[in-house]
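The primary structure of each chain is shown beneath.
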Amino acid sequence: AQSVTQPDIHITVSEGASLELRCNYSYGATPYLFWYVQSPGQGLQLLLKYFSGDTLVQGIKGFEAEFKRSQSSFNLRKPSVHWSDAAEYFCAVKPGGYQKVTFGTGTKLQVIP
Amino acid sequence: AAGVIQSPRHLIKEKRETATLKCYPIPRHDTVYWYQQGPGQDPQFLISFYEKMQSDKGSIPDRFSAQQFSDYHSELNMSSLELGDSALYFCASSPLAGGGNEDNEQFFGPGTRLTVL
């Protein structure tokens, strides 16, 4: 069964600083990988996804993520954080086909002025 | 573009009551998934349907049941509600199988927030 680890429960960064959120997955083959963002009380918004091909994927809101097979990682990055990025971020993994998505436990991002 | 529709968006029930949550997938999506997100938790998979048949089952209580109808919409029925059922319930849908990567993405609805008092 697949699993996802997000080692950082909370991260605080200053506005304008760079951001990296860590995600490690466990799965027998290369899974399909996703990053979602959730504001308090809101739904899940897809930031980006990796299926195959170029290991550096670009998403919305200036986010990008890099798939590293050797490290089983899919870390999310943003060069300059905005106050509106404060939210909870979930890394997720899914095998091919009609399989469930497994989410990590999430990382709460706080942005300070 | 059309998105997944969930109704109601908010629901307040008393303990031991029943609740029915509805999910309308994106047109031409034939697979529906239900997830439960408790307060401060990550979403947990409950159950899924493909072509109106149950395809997978997660940590869904026996008090809950679900089905997918001929128009592909799905309903999650919850009976004997408990305080611990208070959560955000997401529905997601996937498109028809046809090759390519797109059939691996699940499109999430806005969720139904259930509060059990």
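Preceding block: the structure.
All figures in this text were calculated on a predicted structure; none of them were measured in a lab.

**A short note on the layout of surface pockets**
Considering only enclosed or pocket space, the largest pocket measures out at about 340 Å³ in volume. Along the walls of the largest pocket sit 22 residues, with A:Gln38, A:Pro40, A:Gly41, A:Glu88 and B:Gly40 positioned nearest its centre. Mapped by element, the contributors of at least two residues to the lining of the largest pocket are β10 (87–94) and β12 (107–112) of chain A together with β9 (87–95) and β11 (112–116) of chain B. Across the lining of the largest pocket, the residue classes break down as seven nonpolar, twelve polar and three charged.

**Some remarks on the interface of chain A and chain B**
In this complex, chain A contributes 24 residues to the contact, which on the side of chain B involves 26 residues. Between chain A and chain B, roughly 1900 Å² of surface is buried when both sides are summed, and carbon and sulfur atoms account for 55% of that area. Taken together, the links from chain A to chain B amount to one salt bridge. A salt bridge links B:Glu105 to A:Lys49; its shortest N-O distance comes to 2.3 Å. Those elements that provide at least two residues to the side of chain A that touches chain B are β5 (32–38), β6 (45–50) and β10 of chain A. Here the element with the most residues in the side of chain A that touches chain B is β5(A); it accounts for four residues.

**Brief notes about the sheet that holds strand β3 (residues 19–24) of chain B**
Residues and elements named next belong to chain B. Here we have four strands laid out as an open sheet, ordered β1-β3-β8-β7, and antiparallel in their pairing. Among the strands making up the open sheet, the edge pair consists of β1 (5–7) and β7 (64–68). The sheet shows a mean angle of 15 degrees between the axes of neighbouring strands, direction not considered. With five bridges connecting them, β3 and strand β8 (residues 74–78) associate as antiparallel partners. Bridging across to β8, Lys-22 finds its partner in Glu-75.

Calculation rules
- Residues numbered from 1 in each chain as written.
- Chains lettered and ligands numbered in written order.
- Predicted model: local features only at pLDDT ≥ 70, side-chain atom pairs only at ≥ 80, totals over all residues.
- Heavy atoms only, no water.
- 1 Å grid on protein atoms, 1.4 Å probe; cavity = no way out; pocket = protein on both sides within 12 Å on 5 of 7 lines; lining within 4 Å.
- Points joined across faces, edges and corners; volume = space filled by probe spheres on them.
- Helix = DSSP H or I, 4+ residues; strand = E, 2+ residues; numbered from the N terminus.
- Nonpolar A, V, L, I, M, F, W, Y, C, P; charged D, E, K, R; others polar.
- Contact = heavy atoms within 4.5 Å.
- Buried area = accessible area lost by both parts, 1.4 Å probe.
- Salt bridge = Lys/Arg side-chain N within 4 Å of Asp/Glu carboxyl O.
- Pairing = 2+ DSSP bridges.
- Axes fitted to C-alpha atoms, helices over the stretch in contact; angles between N-to-C directions.

Purely geometric stuff here, so don't read any function into it on its own.
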